[in-house]
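Chain by chain, the residues:
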Amino acid sequence: EPEVTQTPSHQVTQMGQEVILRCVPISNHLYFYWYRQILGQKVEFLVSFYNNEISEKSEIFDDQFSVERPDGSNFTLKIRSTKLEDSAMYFCASTETASKTQYFGPGTRLLVL
Amino acid sequence: LAKTTQPISMDSYEGQEVNITCSHNNIATNDYITWYQQFPSQGPRFIIQGYKTKVTNEVASLFIPADRKSSTLSLPRVSLSDTAVYYCLVGDMTGGFKTIFGAGTRLFVKA
């Protein structure tokens, strides 16, 4: 069964540094998403991406964040100038055009010190 | 966006059937109902999706009444490995929609 993959599985960074989280969505999927989950809290939507542009974003997704699909396979989330409160699990998801089923990756655990 | 309401937690024993109900009073005509399961430190995993009446797959059943203001996820004969958080989501057909996860229902399955 095809899967969404994410790298790295864990990332530790210093406050103020930039991080790039990478995702490889399922190959025939056209919609891509990033979510985060702070430890012990619910999954929070960050952004959805289709046709090389953002289609929806949440209040969390401010100028500190950006997304990109630099090639035909990777989908990245960049966090500039990380803050302590950015520490969380970050999940990527993808879906086919006509389906509502979002397939989630295993996540990247980000720790900002 | 239709807001969803679920019980915070439920307990069950192995072998029992578990029914988790989700309320979504403001569901829109184009909205589908989707349930996900999440284990600790893992991404949510799709369980089942439906629009109306009943949907069944190898994992669960989803019951949706005619008014679609609620839905019930039914897990037959749960095992310890079904201990997880279960999320009910409501969203439309266009794709790229702003997905809102609620707090979910923490299911504890005991031996």
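Refer to the structure above for everything that follows.
None of these values were measured; they are calculated from a predicted model. (Residues numbered from 1 in each chain as written. Chains lettered and ligands numbered in written order. Predicted model: local features only at pLDDT ≥ 70, side-chain atom pairs only at ≥ 80, totals over all residues. Heavy atoms only, no water.)

Novice: Go over the overall build of chain A with me, naming the residues and quoting the values.
Specialist: Scanning chain A for helices and strands turns up zero helices and 11 strands. Listing the helices and strands of chain A from first to last along the sequence gives β-β-β-β-β-β-β-β-β-β-β. Taken over C-alpha atoms, the radius of gyration comes to 13 Å for chain A, in line with the 13 Å a tight globule of 113 residues would show. Along the first, second and third principal axes, the C-alpha set of chain A runs to 40 × 25 × 25 Å. (Helix = DSSP H or I, 4+ residues; strand = E, 2+ residues; numbered from the N terminus. Rg over C-alpha atoms; globule rule 2.2 N^0.38 Å.)

Novice: Outline the sheet that holds strand β5 (residues 53–56) of chain B, supporting the account with residue identities and numerical values.
Specialist: Residues and elements named next belong to chain B. Read from one edge to the other, the open sheet built from four strands follows the order β2-β7-β6-β5, with strand pairing classed as antiparallel. Two strands bound the open sheet, and with one partner strand each, they are β2 (18–23) and β5. On average, each strand axis in the sheet is tilted by 15 degrees relative to the strand beside it, whichever way the strands run. Direction of pairing for β2 relative to strand β7 (residues 70–75): antiparallel, over a ladder of six bridges. Bridging from a neighbouring strand, C22 pairs with S71 of β7. (Pairing = 2+ DSSP bridges. Axes fitted to C-alpha atoms, helices over the stretch in contact; angles between N-to-C directions.)

Novice: Quick one: what's the story with the nonpolar core, residue by residue and with numbers?
Specialist: By size, the foremost hydrophobic cluster in this structure holds 22 residues, and its most contacted members are W34, L46, V67, F75, L77 and Y90 of chain A. Sorting the residues of this core by element identifies β3 (19–24), β4 (31–37), β5 (44–50), β7 (65–68), β8 (75–79), β9 (88–95) and β11 (108–112) of chain A as the ones contributing at least two each. When near neighbours in sequence (up to four residues on either side) are disregarded, V67 of chain A contacts W34, V47, F49, I54, F61, F75, T76 and L77 of chain A. Core analysis: the second largest hydrophobic core is formed by 20 residues, I33, W35, V78 and V90 of chain B among them. (Core = buried A, V, L, I, M, F, W, Y, C linked by side-chain atoms within 4.5 Å. Buried < 20%, exposed > 50% of the residue type's maximum accessible area, 1.4 Å probe, protein only. Contact = heavy atoms within 4.5 Å.)

Novice: Give a description of a nonpolar patch on the surface that names residues and reports values.
Specialist: Taken together, the side chains of V12, L111 and L113 of chain A present a nonpolar region at the surface, about 270 Å² in accessible area. Mapped onto the fold, V12 of chain A is located in strand β2 (residues 10–13). (Patch = residues over 30% accessible without salt bridge, like charges linked within 9 Å, V, L, I, M, F, W, Y side chains within 5 Å. Areas by Shrake-Rupley, 256 points an atom, 1.4 Å probe, with all protein chains shown as cover. Salt bridge = Lys/Arg side-chain N within 4 Å of Asp/Glu carboxyl O.)

Novice: With reference to specific residues and values, describe the pairing of strand β9 (residues 105–110) of chain B.
Specialist: Where a strand is regular, its side chains alternate between the two sheet faces. Residue and element names in this part refer to chain B. Because side chains alternate across β9, one face comprises the buried residues T105, L107 and V109, and the other comprises R106, F108 and K110, none of which is buried. The pairing of strand β1 (residues 9–13) with β9 spans five bridges and is parallel. Looking at β9, one finds that M10 is bridged to L107. Examined bridge by bridge, strand β8 (residues 84–91) and β9 share three bridges and lie antiparallel to one another. Looking at the pairing, A84 lines up with L107 of β9.

Novice: Report on the pattern of salt bridges, specifying residues and quantitative values.
Specialist: All names here are of chain B. Under the definition given, this model contains two salt bridges over all chains. Two residues, K110 and D11, come together in a salt bridge whose shortest N-O distance is 3.3 Å. Pair noted here: K110 is in strand β9 and D11 is in strand β1, with a separation of 99 residues, a long-range link.

Novice: Before we move on, could you go through the interface of chain A and chain B and cite the residues and values that matter?
Specialist: Each partner contributes residues to the interface: chain A has 23 residues there, and chain B has 22 residues. Between chain A and chain B, roughly 1,800 Å² of surface is buried when both sides are summed, and carbon and sulfur atoms account for 52% of that area. The interface formed by chain A and chain B holds zero salt bridges in total. Counting across the chain A and chain B interface gives three residue pairs in polar contact (both at pLDDT 80 or more). Sorting the residues of the side of chain A that touches chain B by element identifies β4, β5, β6 (53–57) and β9 of chain A as the ones contributing at least two each. The element best represented in the side of chain A that touches chain B is β4 of chain A, accounting for four residues. For the side of chain A that touches chain B, the residue count by class is 10 nonpolar, seven polar and six charged. (Buried area = accessible area lost by both parts, 1.4 Å probe. Polar contact = N/O pair within 3.5 Å; in protein donor to acceptor, adjacent residues only side chain to side chain. Nonpolar A, V, L, I, M, F, W, Y, C, P; charged D, E, K, R; others polar.)

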